[in-house]
Every structure is written in structure tokens, then in C-alpha cells.
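# A closer look at the structure
Letter by letter, the chains look like this.
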Amino acid sequence: MKNTFSLKSNYINVLEENGTVSFGGNQSWIVEDGSNKKSKNNIIRTFGCGLISAVDILSYLEKRDGAGEKVPDVSMSVAEYRKKINEFERTHFHVSYYFGIPGTRLARKMNRFFRKKKLPYRARWGMSGKKLLPRLKEMLENDIPATFSIGPGFFHKDRLPLYTMRLDKNGNIEYGNLKYIIRKSGSTKDHYVTVTGMIQDDDRLLLEISSWGQKFYIDYKEYTDYVKKCDNYIFSNILYIKLI
């Protein structure tokens, strides 16, 4: 038996300079600023994944609530996106060298934005491992993307695999009305991503995510194994946003 949970509208997208359309934002679009590791641009490029996730989620919610039922399917340019990221970093989400944005601060700044814009949401960081998956499903059913953390795994070299899907008539995973085959396309750790969907099968659960402007998938069992072996639910968790 297969089941899917997904956002009701198209996720935030950006028209890149090569003509392709992204799936969410990408911190590497911030222009590198020489060799000074502590320049603002270089801090965002290196430690700004939480900022990207927060801004994309807020953009999605603000457009959706302002537009009614659906988010307008409009791409902004990379230049426009850079300007937006720099503005949000300056006014709402300060990114620190090495530490980025801790989850508790991310929740606090999100709530400040919700109050300012009079949006009917409340955010908080973290919960027990048993509640994490039900809360993710709840958020997707309420059409709310989720900031999702793959922790640093201190003193461990293990990384969490990332997968992509490609259309294949003999694919072994159904998604919507099409069949896909999944393959490993990379790995990550110490990184925030944004959950935008979920594919649940009898023996496998995949999270659809936005990371580095691309769509990837995470095997949830592999994620929980990574947390148990290399990390903990203090660092590996979600920003839970609920309707109020």
C-alpha cells in the first residue's frame, strides 16, 4: 500500500541564470566575498542553510495566505532571491559564523515574523523522536513545509544519503500516477533542509526535500539510524509550525 503527503501548491522556485528552475533556494547563489571566511556573504554561503529554509517557508506561507488557496506559480530571478535573503538575514535571521542559526533561535524569529505579518502560525523547535514523524505529516496535511535538520554527528564520519528519482516505466516506486526509480545522488550532514512531501510504502518511507535548490529524497529509516548512531534529537529534529 502506498500513500503520499505533499504541499498543495508549487514550492518556491527561482529562475537560474542558465535557464533552469530551482526547487527552493540555494545558499551558494550568494556571491563569494574573497578569502575572508567571516565576511557576511561567506558566512551565509557556508552556514546559511537554516536561513534559506526559513525564508522559503515564510515566502510560501505568506504567498499562499495572501493569494487564497494556491501559491502563484511565479519564479523570481537569482538576483531577486539574493536581495531577499540578504534582507531577511539583516532584519530577522542573523547567521553566525560556524553555528549558523540554532533551532531555538530559528523558532523565536519565525514567531516574530508571524506576529508582524499577522499570520496564524506558531513555531517551536524540536520534539521527541516518536513525535517527529506524526508532526511532519500534520504539517504537510496543513500545507506547511518543514525545516528539517540532519545533525552534525560530532566525532563521526557517517553522512546521510540523498536520493533522486527518475521516470522509468519499470520503476519500483509509484509517485502520483507515474513510476520512478530511485538512486543515490549524494550525502549530507550538519545541514538544514526543507521537507515538502512524503512517500509512504509498506516497507519504506521517503521524505521529499529541498536542498541546494534541488529536489532530493531521504529514507526516513536511514535518517533515524543516523541519529541513533551518530547524533541525537537535540540537533536532528524539525521546526514544528502549527496553525493557531
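Our structure's up above, just so we're on the same page.
Please read these numbers as outputs of a predicted model, since none were measured by experiment. (Residues numbered from 1 in each chain as written. Predicted model: local features only at pLDDT ≥ 70, side-chain atom pairs only at ≥ 80, totals over all residues. Heavy atoms only, no water.)

### Remarks on the state of the cysteines
Scanning the entire structure with this criterion turns up zero disulfides. No disulfide involves cysteine 49; its sulfur sits 18 Å from the nearest other cysteine sulfur, which is in cysteine 230. Cysteine 230 gets classed as buried once you look at its relative accessible area, which sits at 7%. (Disulfide = S-S within 2.5 Å. Buried < 20%, exposed > 50% of the residue type's maximum accessible area, 1.4 Å probe, protein only.)

### A word on the nonpolar core
Counting 67 residues, the largest nonpolar core has Met110, Phe114, Phe148, Ile218 and Ile241 as the members making the most contacts within it. Among the elements that take part in this core, helix α2 (residues 49-67) stands out by supplying nine residues, more than any other. Look past the residues within four positions of isoleucine 241 in its chain and what remains in contact with it is Ile57, Met110, Phe114, Tyr121, Arg122, Ala123, Met139 and Ile144. Within the second largest apolar cluster, seven residues are counted, among which are Tyr163, Ile182, Leu206 and Tyr217. (Core = buried A, V, L, I, M, F, W, Y, C linked by side-chain atoms within 4.5 Å. Helix = DSSP H or I, 4+ residues; strand = E, 2+ residues; numbered from the N terminus. Contact = heavy atoms within 4.5 Å.)

### Quick notes on the pattern of salt bridges
Under the counting rule described, the total for this entry stands at eight salt bridges. Between glutamate 17 and arginine 82 there is a salt bridge, and its shortest N-O distance comes to 3.6 Å. With glutamate 17 in the loop between β2 (14-15) and α1 (40-47) and arginine 82 in helix α3 (residues 78-91), this residue pair connects regions lying 65 residues apart in the sequence. Residue class for glutamate 17 comes out exposed when judged on its relative accessible area of 70%. Classification of arginine 82 as partly exposed rests on a relative accessible area of 21%. (Salt bridge = Lys/Arg side-chain N within 4 Å of Asp/Glu carboxyl O.)

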